[in-house]
Amino acid sequence: MEQPDWAAPLGNAYESALAFLTGLPTRPVGARTSDLDLQSGLGGPLPETPEDPRKVIEMLAAAAEPGLVATPSGRFFGFVVGGSSPAALAADWLTSAWDQNAGLYALGPAAATVEQVAGGWLAELLGLPADVSVGFVTGVQMANFTALAAARHEMLARVGWNVEADGLTGAPRLRVLAGRQRHDTIDRALRFLGVGTNAIVPVDVDDQGRMRPAALRAGLREESGPMIVCAQVGNVNTGAIDPVREICDVAHEAGAWVHVDGAFGLWAGASPRLRPLVAGVNLADSWATDAHKWLNVPYDSGLVFCANSEAHRAAMGVRASYLIHGADSERDALDYNPEFSRRARGFPVYAAIRALGRAGIAELVERCCALARRFADRLDDDDGVEVLNDVVLNQVLVRLHAADGDHDGHTRRMVQQLQREGICWMSGTTWRGQTAMRISVSNWSTDEADVDRSVEAILRCARAATGSPRGHELPASAAGHAATHSLP
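Conventions and cut-offs
- Per chain, the residues get numbers from 1 upward, laid out in the order the sequence is written.
- Side-chain atom pairs in this predicted model are given and counted only at pLDDT of 80 or more, local residue features only at pLDDT of at least 70, and totals for whole chains, interfaces and linings cover all residues.
- No hydrogens and no water enter the side-chain calculation; it runs on all heavy atoms of the structure.
- The helix and strand labels rest on DSSP assignments: H or I over at least four residues marks a helix, E over at least two residues marks a strand, and numbering proceeds from the N terminus.
- Put simply, the radius of gyration uses C-alpha atoms, and a globule should come to 2.2 Å times the residue count raised to 0.38.
- Type-normalised accessible area, obtained with a 1.4 Å probe on protein chains alone, sets the label of each residue: buried when under 20%, exposed when over 50%, and partly exposed for intermediate values.
- We call two residues in contact when some of their heavy atoms are within 4.5 Å.
- For every accessible area listed, the method is Shrake-Rupley and the probe measures 1.4 Å; residues are considered covered only by the protein chains on display.
- Charged-residue counts in this description rest on Lys and Arg as positive and Asp and Glu as negative, His and the chain ends being excluded.
- The atom standing in for a charge is NZ when the residue is Lys, CZ when it is Arg, CG when it is Asp and CD when it is Glu.
- Pairing of aromatic side chains here covers Phe, Tyr and the six-membered ring of Trp, requires ring centres within 6.5 Å, and sorts the geometry by plane angle: under 30 degrees stacked, over 60 edge-to-face, intermediate tilted.
- A pocket here means an open set of points on a 1 Å grid, computed over the protein atoms alone, that has protein on both sides within 12 Å along at least five of seven lines. A cavity is instead a set of points where a 1.4 Å probe fits but cannot get out; residues with an atom within 4 Å of a point line either one.
- Grid points are joined across faces, edges and corners, and a volume is the space filled by probe spheres set on the points.
- Salt bridge, as used here: a side-chain nitrogen of Lys or Arg that lies within 4 Å of a carboxyl oxygen of Asp or Glu.
- As a rule, the C-alpha atoms of each element are fitted with a line to give its axis, helices using only the stretch in contact, and angles between N-to-C directions run from 0 to 180 degrees.
- Oblique is the label for any angle not covered by the other classes, which are roughly parallel (under 35 degrees), roughly antiparallel (over 145) and roughly perpendicular (65 to 115).
- The sense of a crossing depends on the near helix, which, turned anticlockwise from the far helix by less than a right angle, makes the crossing left-handed and, turned clockwise, makes it right-handed.
- Residues were grouped as follows: Ala, Val, Leu, Ile, Met, Phe, Trp, Tyr, Cys and Pro as nonpolar; Asp, Glu, Lys and Arg as charged; and all remaining residues, including Gly, as polar.

Student: Hey, could you go over the overall build of the chain for me, with residue numbers and the actual values?
Tutor: Scanning the chain for helices and strands turns up 14 helices and 11 strands. A compact globule built from 488 residues would reach a C-alpha radius of gyration of about 23 Å, and the chain, at 24 Å, matches this within 12%. Among the 488 residues that make up the chain, the fraction classed as buried is 52%. For the chain, contacts bridging at least 24 residues in sequence account for 74% of all contacts bridging at least 6. Approximately 21300 Å² of the chain is accessible, and the part contributed by carbon and sulfur atoms is 52%. On the chain, the mean spot of the 43 positive side-chain charges and the mean spot of the 58 negative ones are 3 Å from each other.

Student: Explain the packing of aromatic side chains to me, using residue names and the numbers behind them.
Tutor: The full count for this structure, using the stated rule, is eight aromatic pairs. Taking 6.2 Å as the distance between ring centres and 80 degrees as the angle between the ring planes, the aromatic pair formed by tyrosine 14 and tryptophan 93 counts as edge-to-face. Of this pair, tyrosine 14 sits in helix α1 (residues 7–22) while tryptophan 93 sits in helix α4 (residues 86–98); the two residues are 79 residues apart in sequence, bridging distant segments of the chain. Judged by its relative accessible area of 43%, tyrosine 14 falls in the partly exposed class. The class of tryptophan 93 is partly exposed, set by a relative accessible area of 40%. For the pair phenylalanine 264 and tryptophan 294, a centre-to-centre distance of 6.4 Å together with 85 degrees between the ring planes defines the contact as edge-to-face. A residue pair is termed long-range when its members are at least 10 positions apart, and phenylalanine 264 in the loop between β5 (257–261) and β6 (286–290) and tryptophan 294 in the loop between β6 and β7 (302–306) qualify at 30 residues. For the pair phenylalanine 264 and tryptophan 294, a shared accessibility class is recorded, and that class is buried.

Student: Please give an account of empty space enclosed by the protein that cites residues and values.
Tutor: Tallied over the entire structure, the rule returns two cavities of 30 Å³ or more. Each pocket or cavity is described by its volume, and for the largest cavity that value is around 70 Å³. Along its surface, the largest cavity is lined by 13 residues, and Gly179, Arg182, Cys230, Gln232 and Asp242 are the ones closest to its centre. Sorting elements by how many residues they give to the lining of the largest cavity places strand β4 (residues 227–232) first, with three residues.

Student: Mind laying out the pattern of salt bridges, listing which residues take part and the relevant values?
Tutor: Opposite charge on two side chains makes pairing possible when the charged atoms of those side chains draw close. Inspection of every chain in the model, using the stated rule, returns 27 salt bridges. With a shortest N-O distance of 3.2 Å, aspartate 335 and arginine 319 are connected by a salt bridge. With aspartate 335 in the loop between α11 (309–316) and α12 (346–380) and arginine 319 in the loop between α11 and α12, the pair connects residues that are 16 residues apart, well separated along the chain. Take arginine 319: its relative accessible area is 56%, and that puts it in the exposed class. Salt bridges sharing common partners tie together Arg374, Arg378, Glu448 and Asp452.

Student: I'd love a proper account of the packing of α4 against α12, names of residues and values included.
Tutor: Between α4 and α12, whose axes approach to 8 Å, the crossing angle comes to 150 degrees. As summarised for this structure, α4 and α12 are arranged roughly antiparallel, according to the angle between their axes. As α4 runs across α12, the sense of the crossing is right-handed. Counting all contacts with α4, which are made through Ala87, Ala88, Ala91, Asp92, Thr95 and Trp98, the residues of α12 involved are Phe347, Pro348, Ala351, Ala352 and Ala355. Classifying every residue of the contact of α4 with α12 gives nine nonpolar, one polar and one charged.

Below, the structure is given as structure tokens:
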């Protein structure tokens, strides 16, 4: 077998990666280049002849570096994005080196076993039934897709329809009851599944985006036939959590399947202090969450769980003569995922859980929530800032007031200015018709100094734009920026 030079390109990649990671505390968080510059550095004609792998890596690292967003930074608060913990990142590097096809047990026994073990740990951590089936997917989009495929199978099977064999043409109509503040991945999954978004019956929510059980009950009474109810644990804007126990009771009374979209909020179940917020989540029929959010493993890493493993396998599984299917005790991942061939995502998840342990994961989740509360308290102290949500988890919605009354425009401009400045990075959103800055604290390395420095940047930008005098002084810790937390 040919033995290439692994050391040179891998060594260069390691040096570039380490320089990026160790530079995060002082690096501007946003990208620092334009599309034209990136096209100039990375583009060009199709290469005609081989190039030295070491030089390819050197060129790629140098040309891409200005266009990298420091999403692993402790001061990246955009969307709901975690970082990569050291153990998870190292395991991900091993995953690439091992290059296991994790579709079948026969192709990667270690990958299959790690997923089986980590899946059991995850169910215990999140407070789910011990016998749930688990699929490791790209993210919550595909987790929602997979769970709703299992729900589609089961609910149509109950009325005598085999959707896998006969499709949806002529099938009894499915209805999907979901809160008006649901995440768009629910709608998109229904599009992919051929159910269609017109199948959605919107259910009224409260001022934080939580589904109203009474409205759900009324909606179920007005519908007939097979029904799926989608609950939400962690509104993407406010972090609010649906009353899952009541939703499950109401939905199951009507014979509906309950799916929980818990992209980040499901991790509240890993914390003894926050677990009451998700009381009753174990009563649902399927769940979706991300490991690349609060477990802080590298992208991409989503998780789907199903209480009805037979429905899960019926929706996803495949049999073919050319495949080597595992024995009863050997887990074939393609029975639980949309993909056939795929990356062995279980290794980083396994390493992250092993490195943190139950106590470390609980501390990580609780610390992020405490830092979100710190953001809200510091910002709400200022007369020119309004916090729009009840901060129950790691999400903070902020509206900046303008002297001329154009609060939407002012808030939008401040988000853009902060992104350009680079001290911190937040994203914008629209909440109940108002433009807002959305702050998500999801990174293991974020500390109080990161929050205080970011608050100072927000208030400084806002005051400079309005010409208002400096208000409340921030603690001296705002001058610091280096993350001080460490993980095993």
